[in-house]
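Each chain is listed here by its residues.
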Amino acid sequence: MNGSVAYLLTAAGCLVAVAGVVIAIVALQKSKQKQKPAQWAGADPFRDRDSDALRGDPRRLRPGDVVEVRGVSYSVRGSIHLVEGSWSWAEHLLDDAQGVKRWVSVEEDPDLELVLWAAVPAEGITPGAPTIDFGGVRYTWEETGQARFTAVGSTGLDPNGTMRYHDYRGPGPARLSFEAYGAAWEAAQGELLHRGEVMIYPQGEPGKVG
């Protein structure tokens, strides 16, 4: 009888010890889950939120907003939102007080990249070549593809469709791009902007994106 009691007491002690280990493991896992960094939820820990707060967030541009680029104020006439696979970016048509039209593209690659574009003649240029010499600058092919687009505001485009593009990179901030929203190619020269050169004044309903 005494042997049986001792055996039962030993078995009970083992069960208590195992239960204690299980409880400790569960508690440790819960503690680790609470300590996960914020970026695990999808936030970019390197995003410049101070600039967004002080100068406006280019990712939220929409028709009607006012954009100041290098001291020149433009109104956003229309916006094109493009999607290619899992990648997306936006292009916004700008118009100043003299009626000069420019485009600004907004892309995260992965850092925020803003480029100011001006249309240039595309006659005699065949996009897709490894290099293109234009305006005394040699541009090197960077990427090509086809994207779906949605247009809002005044862009001269259908509300949605597809476009093709060829992008080239020149020395320093120089850029060259070819886009076709139909059969014809349109060319534009661009210049990479510093974040501090752009100020945004939202004019529409707060929190609403076009």
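Scoring rules and cut-offs
- Residues numbered from 1 in each chain as written.
- Predicted model: local features only at pLDDT ≥ 70, side-chain atom pairs only at ≥ 80, totals over all residues.
- Heavy atoms only, no water.
- 1 Å grid on protein atoms, 1.4 Å probe; cavity = no way out; pocket = protein on both sides within 12 Å on 5 of 7 lines; lining within 4 Å.
- Points joined across faces, edges and corners; volume = space filled by probe spheres on them.
- Helix = DSSP H or I, 4+ residues; strand = E, 2+ residues; numbered from the N terminus.
- Nonpolar A, V, L, I, M, F, W, Y, C, P; charged D, E, K, R; others polar.
- Buried < 20%, exposed > 50% of the residue type's maximum accessible area, 1.4 Å probe, protein only.

Caption draft 1: Broad picture of empty space enclosed by the protein. With the rule as written, the count across this model stands at one cavity of 30 Å³ or more. P58, L61, V67, V69, V104, V106, L114, V198 and I200 together form the lining of the largest cavity. Those elements giving two or more residues to the lining of the largest cavity turn out to be β1 (66–69), β4 (101–108) and β11 (198–201). Here the lining of the largest cavity is composed, by residue class, of nine nonpolar, no polar and no charged.

Caption draft 2: View of unusual backbone geometry. A cis amide bond links D109 with the next residue in sequence, P110, at an omega value of -10 degrees. Along the chain, P110 falls in the loop between β4 and β5 (112–120). Backbone geometry places R70, a non-glycine residue, at a positive phi of 55 degrees. Mapping R70 onto the fold places it in the loop between β1 and β2 (72–84). On the basis of relative accessible area, R70 is assigned to the partly exposed category, the value being 40%.

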